[in-house]
Amino acid sequence: MERKVDVLEHGLDRDGSSRTCDRRLFMQLQVFTDCLAFEKAVEPVKRSGLEAVVYADVNDPRGIGILTMTEDPVELVTRAHPVLNAEPFRAMRFRPELTMLGRTYSSGFEPDLEDWLLQKPRRNTRNPDWRWAVWYPLRRVGPFNALPDEEQKSILREHGGIGRLYGEEDLAHDIRLACHGLDAHDNEFVIGLVGRELHPLSHLVQRMRRTRQTSEFMEKMGPFFVGHAVWQRPLD
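What counts, and where the lines are drawn
- Residues numbered from 1 in each chain as written.
- Predicted model: local features only at pLDDT ≥ 70, side-chain atom pairs only at ≥ 80, totals over all residues.
- Heavy atoms only, no water.
- Buried < 20%, exposed > 50% of the residue type's maximum accessible area, 1.4 Å probe, protein only.
- Helix = DSSP H or I, 4+ residues; strand = E, 2+ residues; numbered from the N terminus.
- Pairing = 2+ DSSP bridges.
- Salt bridge = Lys/Arg side-chain N within 4 Å of Asp/Glu carboxyl O.
- Axes fitted to C-alpha atoms, helices over the stretch in contact; angles between N-to-C directions.
- Parallel < 35°, antiparallel > 145°, perpendicular 65-115°, else oblique.
- Left-handed = near helix turned anticlockwise from the far one by under 90°.
- Contact = heavy atoms within 4.5 Å.
- Nonpolar A, V, L, I, M, F, W, Y, C, P; charged D, E, K, R; others polar.
- Core = buried A, V, L, I, M, F, W, Y, C linked by side-chain atoms within 4.5 Å.
- Lys, Arg positive; Asp, Glu negative; His and termini not counted.
- Expected span 1.5 Å × (residues − 1).
- Arc of directions from axis to C-beta.

Undergrad: How should I be thinking about the pairing of strand S12 (residues 225-232) in this particular structure?
TA: Along any regular strand, the residues point their side chains to alternate faces of the sheet. Taken across its eight residues, S12 has six buried, putting it largely inside the fold. The pairing of strand S4 (residues 52-57) with S12 spans five bridges and is classified as antiparallel. Note that in S12 the partner of Val54 across the bridge is Trp231. Note that strand S8 (residues 132-140) and S12 share four bridges and pair antiparallel.

Undergrad: Would you explain the environment of Asp72 in this entry?
TA: Checked against the element boundaries, Asp72 lands in the loop between strand S5 (64-70) and helix H2 (74-84). Taking the C-alpha atoms as reference points, Asp72 and Pro121, 49 residues apart in sequence, are found 15 Å from one another.

Undergrad: Just to check I follow, could you spell out the pattern of salt bridges for this structure?
TA: Two side chains that carry opposite charge are able to pair once their charged atoms sit near each other. Under the defined criterion, the tally for this structure stands at 17 salt bridges. Residues Arg79 and Glu75 are paired through a salt bridge, measuring 3.5 Å at the closest nitrogen-oxygen approach. Residue Arg79 and its partner Glu75 are both found in helix H2; the two are separated by four residues, about one turn of the helix. In this structure Glu75 comes out as partly exposed when scored by relative accessible area, which is 25%. The partner of Asp174 in a salt bridge is Arg176, and the shortest N-O contact between them spans 3.1 Å. Within the structure, one salt-bridge network assembled from shared partners comprises Glu9, Asp22 and Arg24.

Undergrad: I keep staring at the packing of helix H4 (residues 149-168) against helix H5 (residues 198-208) and nothing clicks. Help me out?
TA: When two helices pack together, their arrangement is given by the angle between their axes and by how far apart the axes lie. The N-to-C vectors of H4 and H5 enclose an angle of 160 degrees; their axes lie 11 Å apart at closest approach. On the basis of their axis angle, the class for H4 and H5 is roughly antiparallel. Crossing geometry of H4 relative to H5 is assigned as right-handed. Where H4 abuts H5, its residues His159, Ile162, Gly163, Leu165 and Tyr166 lie against Pro200, His203, Leu204, Arg207 and Met208. Partitioning the contact of H4 with H5 into residue classes produces six nonpolar, three polar and one charged.

Undergrad: I'm lost on the nonpolar core in this one. Help?
TA: Considering soluble globular proteins, one finds that nonpolar side chains tend to be buried as a cluster. Ranked by size, the top nonpolar core spans 20 residues in total, and within it Met27, Leu29, Tyr55, Leu67, Trp135 and Phe225 carry the most contacts. For this core, the elements supplying multiple residues, two or more each, are strand S3 (26-33), S4, S5, S8, strand S9 (173-178), strand S10 (189-195) and S12. Considering every element that reaches this core, the biggest residue donor is S3, with three residues. Look past the residues within four positions of Met27 in its chain and what remains in contact with it is Leu67, Thr68, Met69, Met100, Leu101, Gly102, Pro121, Thr125, Ile175 and Leu177.

Undergrad: Could you clarify how one ought to interpret the side chain of Asp60 in this entry?
TA: Relative to the assigned elements, Asp60 resides in the loop between S4 and S5. No salt bridge is formed by the buried Asp60; its nearest oppositely charged neighbour, Arg95, is found at 4.2 Å. Those residues in contact with Asp60, other than ones at most four positions away along the chain, are Thr33 and Arg95.

Undergrad: Help me understand H4 in this model?
TA: Side chains of residues three or four places apart in an α-helix project in the same direction, reflecting 3.6 residues per turn. Look at H4: 27 Å from first C-alpha to last across 20 residues, which is about the 28 Å you get at 1.5 Å a residue. All buried positions along H4 are accounted for by Gln152, Ile155, His159, Gly160, Ile162, Gly163 and Tyr166. One side of H4 holds all its buried residues, which, seen down the axis, span an arc of 145 degrees. In H4, the exposed residues that point more than 90 degrees away from the buried face are Asp149, Glu150, Arg164 and Glu168.

Okay, here's the thing in structure tokens:
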């Protein structure tokens, strides 16, 4: 049966031919406080087999963040929830205001679509050399969506070009997730920035404030979660 609604991700091969994919990665960050022993929190996540990263919350000496990722969002409930409902997490205080959930997406021009959607976010978050991370949600103002397509693309190119520059110099690497209808506060995107050092991640956020997208069309950014990975599931 031919679909009338296109829910596929679209890319563009280097030879100019179009490509589609119906797979994507769901990523969720959940944060707790009152963690008195980080090693005891890491062990059950390790044993679970979940694709995950465990962060120490830089802004909370007892804070811990668990980033999980899967192609099947059912696993967020059937596999991740039992781990986070058991000890030692059961004795901690959950911080729902820092929960972030999103899905990888394409802009229609990615030359290696499956790598962009499925593998690059895994590499970026689980690279043992990139343990610093800044995660935050954002929402643009409604008038952005009413702009002509070419004007939107120009605004996004300015924003994306800065991000690529930081990535090429190994200062900051990003993870971009769509969270339309998935976020309790009606945010549209979740952004993750990872790298070797914390300062360039902060510097990138500061520089992005001068772009037209952020200065004119951003309604809200944050709250921000700043973490340092204490454990990352090794890549296969």
